[in-house]
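As a plain string of letters, each chain reads:
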Amino acid sequence: MLYVEANGARIPSIGLGTWELRGRVCARVVEQALRLGYRHIDTAQVYENEREVGEGLRSSHVKRDDVFVTTKVWTTHFAPNDLLRSAKESLVRLRMSDVDLLLLHWPNAHVPLAETLGALAHAKELGLARHIGVSNFTVGLIEEAVALCPQPLVCDQVEYHPYLDQTKVRDACAQAGMALVAYSPIAKGHIKSDAVLTRIGAAHRKSAAQVCLRWLVQQDVVAIPRSSKIERLSENIEIFDFTLDDAEMAEISALANDGGRLTDFGFAPKWD
Ligand code: 1BO
C-alpha cells in the first residue's frame, strides 16, 4: 500500500468508499476489505452507516490504530455547536474515541465559513479528529478555507475519474499541501467497458478499473472505490505491481469531457 502525505497526515492511497452501503452488507464489506488489506475506510454522517462501519472494523480484528477512518459532517450541522455535537455523535455511532479525518461534507454558503472552520479546528483540538479537511470545495473555496482555518486542512475530497478533469482542484490542493481524495474514482462503474482503459489494461494484464485507479494513484491522488463484491474489493487494491508510462497517463487524461460529472446537486457550488 502506498500513502499520500498531506500537512501531517499519512493517508493510504486506496480506501474503501461506503456511500450507499447500508446495514449488514456494509458491516460485512468493511470487515472483508480490512481482511484483504485495506487500511482506509471512508464514511459520513449522512451515509447512515457509521454504526456498521465501526462493527465491521471490530469484527475484522484489525487494530483500530492501523486503520485510517474518515467521517464527514453534513451541511445542516455547520453552526459551531451543531458541528461539535455532530462529530461527537459520529464517534458514538462508530464506537471510537476519535477519527483520523473529519471533513465538511459540502460547502454551505448559508453559514459563515470562518465559523464552521473554527468549529472544525476546535474538534481537532478537542481530540475528536486527528486531522481535518473539506469535501466538494472548489479552487476558490479551498483558498478561502486555507486562509481562514486555524488548523491545517489535509484534503479536499471530490469526484474524480478519467471522464472529469480536476486539474485545477488537484493543483490547488498541491499548492496548499493538501491531498486530493477521489470519490467515484471508477465513475460508478462506467469505465469498466472503456476501450482505451481496457486496451491499456490488456498490456499490463490488468482490468480497466485497475488502470483507472493506478492512473489516480500515480498522480498522488487518494482513491476510495466502493464495492460490495469481494472479488472487486481484491481487484481494487491489486494496483501496486505495475506502472503506467507517460503516454498511457496522457491518453487516459484525454478521456475527460464536459459531461463527465456524475454527482451534482442544487446546493453544489459553481464548479471550476
Ligand atoms: C451526498 C454524498 C456525496 C458523496 O459523499
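The structure this text deals with has already been given above.
Only a predicted model underlies this, so the values are computations on that prediction, with no experimental measurement involved. (Residues numbered from 1 in each chain as written. Predicted model: local features only at pLDDT ≥ 70, side-chain atom pairs only at ≥ 80, totals over all residues. Heavy atoms only, no water.)

Hey, could you run me through the overall build of the chain in this one?
When its secondary structure is counted, the chain shows 10 helices and 10 strands. Relative to its length of 272 residues, the chain is compact, with a C-alpha radius of gyration of 18 Å against a globular reference of 19 Å. Principal-axis analysis of the C-alpha atoms places the extent of the chain at approximately 55 × 40 × 35 Å. Across the 272 residues in the chain, those meeting the buried criterion constitute 57%. Total accessible area on the chain stands at roughly 11,700 Å², and carbon and sulfur atoms take up 49% of it. When the 30 positive and 35 negative side-chain charges of the chain are each reduced to one mean point, those points stand 7 Å apart. (Helix = DSSP H or I, 4+ residues; strand = E, 2+ residues; numbered from the N terminus. Rg over C-alpha atoms; globule rule 2.2 N^0.38 Å. Buried < 20%, exposed > 50% of the residue type's maximum accessible area, 1.4 Å probe, protein only. Areas by Shrake-Rupley, 256 points an atom, 1.4 Å probe, with all protein chains shown as cover. Lys, Arg positive; Asp, Glu negative; His and termini not counted. Charge placed at Lys NZ, Arg CZ, Asp CG, Glu CD.)

Explain the site of the ligand to me, please; I cannot follow it from the model alone.
All residues in the neighbourhood of the ligand are listed as Trp 19, Tyr 47, His 105, Trp 106 and Phe 265. At a separation of 2.5 Å, an oxygen atom of the ligand approaches a polar side-chain atom of Tyr 47. Residue His 105 places a side-chain N or O atom 2.7 Å away from an oxygen atom belonging to the ligand. Here the residues of the shell around the ligand are counted per class, giving 4 nonpolar, 1 polar and no charged. (Near = heavy atom within 4 Å. Polar contact = N/O pair within 3.5 Å; in protein donor to acceptor, adjacent residues only side chain to side chain. Nonpolar A, V, L, I, M, F, W, Y, C, P; charged D, E, K, R; others polar.)

Can you help me understand the packing of helix H4 (residues 113-125) against helix H5 (residues 139-148) in this one?
Each pair of packed helices can be summarised by the angle the axes make with each other and by the distance between the axes. H5 packs onto H4 with a crossing angle of 60° between their chain directions and a minimal axis gap of 10 Å. With respect to H5, the element H4 is oriented oblique. Like other packed secondary-structure pairs, H4 and H5 cross with a definite hand, here right-handed. Of H5, the residues touching H4 (which contributes Leu 113, Ala 114 and Leu 117) are Leu 141, Glu 144, Ala 145 and Leu 148. Class assignment of the residues belonging to the contact of H4 with H5 gives a composition of 6 nonpolar, no polar and 1 charged. (Axes fitted to C-alpha atoms, helices over the stretch in contact; angles between N-to-C directions. Parallel < 35°, antiparallel > 145°, perpendicular 65-115°, else oblique. Left-handed = near helix turned anticlockwise from the far one by under 90°. Contact = heavy atoms within 4.5 Å.)

I keep staring at the packing of aromatic side chains and nothing clicks. Help me out?
Where two aromatic rings form a pair, the distance of their centres and the angle of their planes describe that pair. Taken as a whole, this structure holds 8 aromatic pairs when the rule is applied. Aromatic side chains Trp 19 and Tyr 47 sit 6.4 Å apart centroid to centroid with 20° between the ring planes, which places their arrangement in the stacked category. Highlighted residues: Trp 19 in the loop between strand E3 (16-17) and helix H1 (23-36) and Tyr 47 in the loop between strand E4 (40-42) and helix H2 (50-60), separated in sequence by 28 residues. On the basis of relative accessible area, Tyr 47 is assigned to the buried category, the value being 7%. With 5.4 Å between their ring centres and 75° between their planes, Trp 106 and Phe 265 make a pair best called edge-to-face. Taken together, the positions of Trp 106 in the loop between strand E6 (99-104) and H4 and Phe 265 in the segment after helix H10 (246-253) put the pair 159 residues apart, joining distant regions of the chain. (Phe/Tyr/Trp six-rings, centres within 6.5 Å; stacked < 30°, edge-to-face > 60°.)

What should I look at first to understand the pattern of salt bridges in this one?
When the charged atoms of two side chains with opposite charge come close together, those side chains can pair. Counting across every chain of the model gives 16 salt bridges. For the salt bridge of Arg 130 with Asp 65, the shortest nitrogen-to-oxygen distance reads 3.0 Å. Residue Arg 130 is located in strand E7 (residues 129-135), and its partner Asp 65 is located in the loop between H2 and strand E5 (68-73); the two are separated by 65 residues in the primary sequence. With a relative accessible area of 30%, Arg 130 lands in the partly exposed category. One network of salt bridges, with partners in common, ties together Arg 64, Asp 65, Asp 98, Asp 100 and Arg 130. (Salt bridge = Lys/Arg side-chain N within 4 Å of Asp/Glu carboxyl O.)

Explain the side chain of Thr 263 to me, please; I cannot follow it from the model alone.
The topology assignment puts Thr 263 in the segment after H10. On the basis of relative accessibility, which here comes to 3%, the residue Thr 263 falls in the buried class. Apart from residues lying up to four places away in sequence, Thr 263 is in contact with Trp 19, Trp 106, Glu 159, Tyr 183, Ser 184, Lys 188 and Trp 271.

Looking at this model, I keep getting lost on the pairing of E6. Mind explaining?
Two faces belong to every sheet, and in a regular strand the side chains alternate between them. Extensive coverage of E6 is indicated by the burial of 6 of its 6 residues. A crossover connection joins E5 to the parallel E6 through helix H3 (residues 80-94); in handedness this β-α-β unit is right-handed. Bridge count between E6 and E7: 5 bridges; the pairing is parallel. Across the sheet, residue Leu 102 finds its bridge partner in E7, namely Ile 132. At this point the chain moves from E6, through H4, to the parallel E7, and the crossover so formed is right-handed. (Right-handed = clockwise from strand over helix to strand, strands pointing away. Pairing = 2+ DSSP bridges.)

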